[in-house]
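One letter stands for each residue in the lines below.
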Amino acid sequence: MPILPDNAFTIQTHEPLPDVIDKLNAHIEAPKTFRWTFSRNHAPYTGRISSDGFEVRRIIHYQNSFLPTIRGRFESGSQGTVIRITMRLHPLVIGFLVFWYLTWYSATIPLFLWSISSGDGVRVEGLLFLGLPIFVLFTFWCSFWYEANRSRRELTQIIQGEGSIPFWTKHYLN
């Protein structure tokens, strides 16, 4: 089981690649340096799309550093199109987590071992210092999987048919 969350799945459709790209283009807008927080007149995703694949992130109106980066690869065939999608944390978030865990444990493990060797025994504070990062990691996992599951549902609906596009994205098309 990996420590950091990631998700990979495949969507198959009988539609040709140009139709799939058109459907995705209708729901993906170009990245912007600055986005007006209160504006709701935008596509649900931002990123880039090409004939080979895409790299997008969902546009959200709240803070979640664990929003997955979504990469898709197109495979066109006689039976339609296969889209292989992976969702991972942004590399800067991974770097921050590694730095934070190394810093945290490099300070707390020696303190924990010192308290045991000094004859005080295992104290509750020591267990809290060792257990806090596990709780933080659990919170990170929950944040990632909330967003990943939502994006998975939305992308599947977008690719497999406009009749089932979520209501919050339909206003963008009108």
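Notes on the structure follow. None of the values given here were measured: they were computed from a predicted structure. (Residues numbered from 1 in each chain as written. Predicted model: local features only at pLDDT ≥ 70, side-chain atom pairs only at ≥ 80, totals over all residues. Heavy atoms only, no water.)

1. Comments concerning helix 2 (residues 91–117)
Here is step 1: Its 27 residues place the ends of helix 2 39 Å apart at the C-alpha level, agreeing with the 39 Å of an ideal helix rising 1.5 Å per residue.
Here is step 2: Looking at helix 2, one finds that the buried residues are Val93, Leu97, Tyr101, Thr108, Phe112 and Ser115. (Helix = DSSP H or I, 4+ residues; strand = E, 2+ residues; numbered from the N terminus. Expected span 1.5 Å × (residues − 1). Buried < 20%, exposed > 50% of the residue type's maximum accessible area, 1.4 Å probe, protein only.)

2. As for the packing of aromatic side chains
Two measures describe an aromatic ring pair: the distance that separates the ring centres and the angle between the ring planes.
Here is step 1: Scanning the model with the defined rule gives seven aromatic pairs in all.
Here is step 2: Centre to centre, the rings of tryptophan 100 and tryptophan 104 are 5.5 Å apart; their planes meet at 20 degrees, and the pair counts as stacked. Of the two residues, tryptophan 100 and tryptophan 104 are both situated in helix 2; the distance of four residues between them amounts to about one turn of the helix.
Here is step 3: Take tryptophan 100: its relative accessible area is 23%, and that puts it in the partly exposed class.
Here is step 4: Through a chain of ring-to-ring contacts, three or more aromatic side chains come together here, namely Trp100, Tyr101, Trp104 and Tyr105. (Phe/Tyr/Trp six-rings, centres within 6.5 Å; stacked < 30°, edge-to-face > 60°.)

3. Digging into the nonpolar core
Here is step 1: Among the nonpolar cores identified, the biggest contains 29 residues, and Leu24, Phe54, Ile70, Phe74, Ile83 and Ile85 are the most heavily contacted of them.
Here is step 2: Within the residue set of this core, elements represented by two or more residues are strand 1 (6–13), helix 1 (17–25), strand 4 (53–58), strand 5 (69–77), strand 6 (80–88), helix 2 and helix 3 (124–160).
Here is step 3: Ignoring anything within four residues of it in the chain, the contact list for leucine 24 reads Ile49, Phe54, Phe74, Leu155, Ile158 and Ile159. (Core = buried A, V, L, I, M, F, W, Y, C linked by side-chain atoms within 4.5 Å. Contact = heavy atoms within 4.5 Å.)

4. Focus on the side chain of asparagine 64
Here is step 1: Turning to its location among the elements, asparagine 64 is positioned in the loop between strand 4 and strand 5.
Here is step 2: The class for asparagine 64 is buried, based on a relative accessible area of 15%.
Here is step 3: Engagement of the side chain of asparagine 64 in a polar contact is seen with the backbone nitrogen of phenylalanine 66, the distance being 2.8 Å.
Here is step 4: In contact with asparagine 64, not counting residues within four places along its chain, are Ser143 and Glu147. (Polar contact = N/O pair within 3.5 Å; in protein donor to acceptor, adjacent residues only side chain to side chain.)

5. Here's the deal with the sheet that holds strand 5
Here is step 1: The six strands are arranged 1-6-5-4-3-2 in an open sheet whose pairing can be described as mixed. This sheet does not close on itself; its edge strands, each paired only once, are strand 1 and strand 2 (28–29).
Here is step 2: Both strand 5 and strand 6 contribute to a ladder of nine bridges, which runs antiparallel. Along strand 6, the bridge assignment pairs glycine 72 with isoleucine 85.
Here is step 3: Against the sheet, helix 1 makes contact with strand 1, strand 2, strand 3 (45–49), strand 4, strand 5 and strand 6, and its axis sits at roughly 155 degrees relative to strand 5, the strand it touches most. (Pairing = 2+ DSSP bridges. Axes fitted to C-alpha atoms, helices over the stretch in contact; angles between N-to-C directions.)

6. A closer look at the pairing of strand 6
Here is step 1: Bridge count between strand 1 and strand 6: eight bridges; the pairing is antiparallel. Its bridge partner being in strand 6, threonine 13 is matched across the sheet by threonine 81.
Here is step 2: The hairpin turn running from strand 5 into strand 6, its antiparallel successor, is two residues long.

7. Concerning helix 1
Here is step 1: Residues Leu17, Val20, Ile21, Lys23 and Leu24 constitute the buried set of helix 1. Angularly, the buried residues of helix 1 cover 160 degrees about the axis, an arc narrow enough to put them on a single face. Opposite the buried face of helix 1, at more than 90 degrees from it, the exposed residues are Pro18 and Asp22. (Arc of directions from axis to C-beta.)

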